[in-house]
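Examining the three-dimensional arrangement
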Amino acid sequence: MLKIITSPDPLLNQVSEPCQIGDKSLKKLAKQMERTMYATDGVGIAAPQVGVLKRLIVVDCGPEDERNPMHMVNPEILDTWGDPEEAEEGCLSCPGIQVVISRKPWARVKYYDLKGEEWVIESDGLLGRCLQHEIDHLDGKTLFESASPRERIRALKAYEEARRAGAKPGEVSIDHRGRA
Ligand SMILES: [Zn+2]
């Protein structure tokens, strides 16, 4: 399992570089990211979260008892649409908390697979949200930057407490929402 970089590491706020399409070394990194994601019960992971500033994400928002990871090279949001919806999001890089983020439900994303073939997918629901969350990481944005100013203050406070309590990546059980 790769080491997960957690907030407030400044690396998480850097913009990642595009990958070379068809780069063979991406396959190994993607597999390692995939294993790390499953080991921490994540539904998505972005390369900067494991310390690599490359535009590569792995997501699997399917049923829990099936593994269908998507490896997405240079994913790019072409469009988002629909009335913004609020939902709680967790993040492997911000263990111990969940943060309410408002996003448009639908996303259309272009990406390349590990063989270099180009794809465009459209999704709403968990996948639509997850894609936007992971691509935010490639642009140096974590949950704290994506939250509303009011929610950010609450979340930062909750995160301080979670860190003091020793929360580890994959833990989202601590919810301080009522207290902030
Ligand atoms: Zn995240």
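Note that the structure is predicted; figures quoted are calculated from it, not measured. (Residues numbered from 1 in each chain as written. Predicted model: local features only at pLDDT ≥ 70, side-chain atom pairs only at ≥ 80, totals over all residues.)

Bringing unusual backbone geometry into the picture now. Keep in mind that most residues, glycine aside, have a negative phi and that most peptide bonds are trans. S7 connects to P8 through a cis peptide bond whose omega is 10°. Mapping P8 onto the fold places it in the segment before helix 1 (25–39). Here D41, not a glycine, exhibits a phi torsion of approximately 60°, which is positive. Assignment of secondary structure puts D41 in the loop between helix 1 and strand 1 (44–46). For N74, which is not glycine, the phi torsion reads 50° and is therefore positive. Looking at where N74 falls in the secondary structure, it is placed in strand 3 (residues 70–81). Looking at N74, the number of C-beta atoms within 10 Å reads 19, which means it is partly exposed. (Helix = DSSP H or I, 4+ residues; strand = E, 2+ residues; numbered from the N terminus. Buried ≥ 20, exposed ≤ 12 C-beta atoms within 10 Å, placed from the backbone.)

Let us now look at the nonpolar core. M33, I57, V58 and V59 are the most contacted members of the largest nonpolar core, which totals 39 residues. Apart from the residues within four sequence positions on either side, M33 is in contact with L2, I45, A47, V50 and V58. (Core = buried A, V, L, I, M, F, W, Y, C linked by C-beta atoms within 7 Å. Contact = placed C-beta atoms within 7 Å.)

Turning next to helix 4 (residues 149–164). Helical geometry note: an α-helix holds 3.6 residues per turn, so side chains three or four residues apart project in the same direction. Its 16 residues give helix 4 an end-to-end C-alpha distance of 23 Å, which sits within 8% of 22 Å, the value for a rise of 1.5 Å per residue. Within helix 4, burial applies to A155, A158, Y159 and A162. One side of helix 4 holds all its buried residues, which, seen down the axis, span an arc of 110°. Along helix 4, the residues that are exposed and aim more than 90 degrees away from the buried face are P149, R150 and R164. G166 lies just past helix 4 and shows a positive phi near 80°. (Expected span 1.5 Å × (residues − 1). Arc of directions from axis to C-beta.)

Sheet strands pair by backbone hydrogen bonding; their relative direction is either parallel or antiparallel. Across the sheet, 5 strands lie side by side as 1-2-3-6-7; this open sheet has antiparallel pairing. Strands at the two margins of the open sheet, each flanked by one partner only, are strand 1 and strand 7 (118–123). The mean angle between the axes of side-by-side strands here comes to 35°, regardless of whether they run parallel or antiparallel. The sheet contact formed by strand 2 (residues 56–59) and strand 3 spans 4 bridges and is antiparallel. From the neighbouring strand, V59 faces strand 3, where its bridge partner is M70. Along the sheet face, helix 1 touches strand 1, strand 2 and strand 3 and points at about 40° away from the line of strand 2. Lying over the sheet, helix 2 (residues 125–138) contacts strand 1, strand 2, strand 3, strand 6 (106–112) and strand 7, oriented at roughly 15° with respect to strand 1. (Pairing = 2+ DSSP bridges. Axes fitted to C-alpha atoms, helices over the stretch in contact; angles between N-to-C directions.)

A word on the pairing of strand 3. With 6 bridges connecting them, strand 3 and strand 6 associate as antiparallel partners. Residue D79 lies in a different strand from strand 6, and its bridge partner there is R108.

Neither face of strand 2 is left uncovered, since the one carrying L56 and V58 and the one carrying I57 and V59 both have all their residues buried. Direction of pairing for strand 1 relative to strand 2: antiparallel, over a ladder of 3 bridges. Paired with I45 across the strands is V58, a residue of strand 2.

Quick look at the environment of L56 now. Among the structural elements, L56 can be located in strand 2. What L56 contacts, discounting residues up to four positions off in sequence, is C19, L26, L29, A30, A47 and V73.

Attention now moves to helix 1. Given a rise of 1.5 Å per residue, 15 residues ought to cover 21 Å, and the 22 Å separating the end C-alpha atoms of helix 1 matches this to within 8%. Residues of helix 1 that are buried: L26, L29, A30, M33, T36 and M37. Within helix 1, the buried residues cover an arc of 125° as seen down the axis, which keeps them to one side. Opposite the buried face of helix 1, by more than 90 degrees, sit the exposed residues K27 and K28. Residues of helix 1 that are buried in the fold lie against strand 1, strand 2 and strand 3. Backbone geometry just downstream of helix 1 places D41 in the positive-phi region, at approximately 60°.

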